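# Commentary on secondary and tertiary structure
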Amino acid sequence: VTNDPATGVFALQKASPLREDDFEALPDSHFSLLVNDVDRADPEVARLWDVLLPFIPRWRRDDIMVSYAAAGGGVGPHVDNYHVFLLQSRGSRRWSVSLTPVPPHLEALRTDCPDVRVLVPGSFDL
């Protein structure tokens, strides 16, 4: 996914499978790489369900998705029709959560954010 900061337009550039030269062609900024079903391909990632998210019943689980975003990258405003748990491994990012979709130019005025708890490394035990 790339985004143009001048227009605010987000675009899907390519779906899988990706080749090595696809990674070499990535820009220096304003892109994100999204990989779904990582828990089905990597047993260590699959352990996250039992270690960090044991309170989610198996019938409510979908997948563990991994994303990588360069500076200025993201997926843009969107609605997820399911529960989402975000675990950030490195860096910092401003995450916005709302109960109702809000146009990007009105985001700063939003007041309906649900109770969101942010844990930083060292603030919880595995």
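To be clear, the structure that these remarks concern was listed above.
The shown structure was predicted, so the numbers you read here are calculated from the model rather than taken from an experiment.

## Quick word on the overall build of the protein
Check the secondary structure of the protein and you find three helices and four strands. For the protein, the succession of helices and strands along the chain, N to C, is β-β-α-β-α-α-β. Considering the protein as a whole, with its 126 residues, one finds that 14% of them fall into the buried category. As presented, the protein carries roughly 10400 Å² of accessible surface, and 56% of it is formed by carbon and sulfur atoms.

## Section: the environment of R40
For R40, the position within the fold is in helix 2 (residues 38-41). The exposure class assigned to R40 is exposed, which follows from its relative accessible area of 56%. The spacing of R40 and D63 is 23 residues in sequence and 7.9 Å in space, taken between C-alpha atoms. There is a polar contact of 3.0 Å between the side chain of R40 and the backbone oxygen of D62.

## What to know about the environment of L34
Within the fold, L34 resides in strand 3 (residues 32-35). In this structure, the C-alpha to C-alpha distance between L34 and Y68, residues 34 residues apart in sequence, is 6.7 Å. With residues near it in sequence (within four places) discarded, L34 still touches V1, M65, V66, S67 and V75.

## Points about the pattern of salt bridges
Under the defined criterion, the tally for this structure stands at five salt bridges. As a salt-bridge pair, D21 and R19 come within 3.2 Å of each other at their nearest N and O atoms. Notably, a salt bridge pairs D50 with R58, separated by 3.8 Å at the nearest N-O pair. With a relative accessible area of 47%, D50 lands in the partly exposed category. R58 gets classed as exposed once you look at its relative accessible area, which sits at 62%. By sharing partners, the salt bridges in this structure join D50, R58 and R61 into a single network.

## A word on the nonpolar core
Among the nonpolar cores identified, the biggest contains six residues, and these are V38, V45, W49, L53, I56 and I64. With near-sequence residues (within four places) excluded, L53 lies in contact with L48, R61 and F85.

Conventions we followed
- Residues numbered from 1 in each chain as written.
- Predicted model: local features only at pLDDT ≥ 70, side-chain atom pairs only at ≥ 80, totals over all residues.
- Heavy atoms only, no water.
- Helix = DSSP H or I, 4+ residues; strand = E, 2+ residues; numbered from the N terminus.
- Buried < 20%, exposed > 50% of the residue type's maximum accessible area, 1.4 Å probe, protein only.
- Areas by Shrake-Rupley, 256 points an atom, 1.4 Å probe, with all protein chains shown as cover.
- Polar contact = N/O pair within 3.5 Å; in protein donor to acceptor, adjacent residues only side chain to side chain.
- Contact = heavy atoms within 4.5 Å.
- Salt bridge = Lys/Arg side-chain N within 4 Å of Asp/Glu carboxyl O.
- Core = buried A, V, L, I, M, F, W, Y, C linked by side-chain atoms within 4.5 Å.

Purely geometric stuff here, so don't read any function into it on its own.
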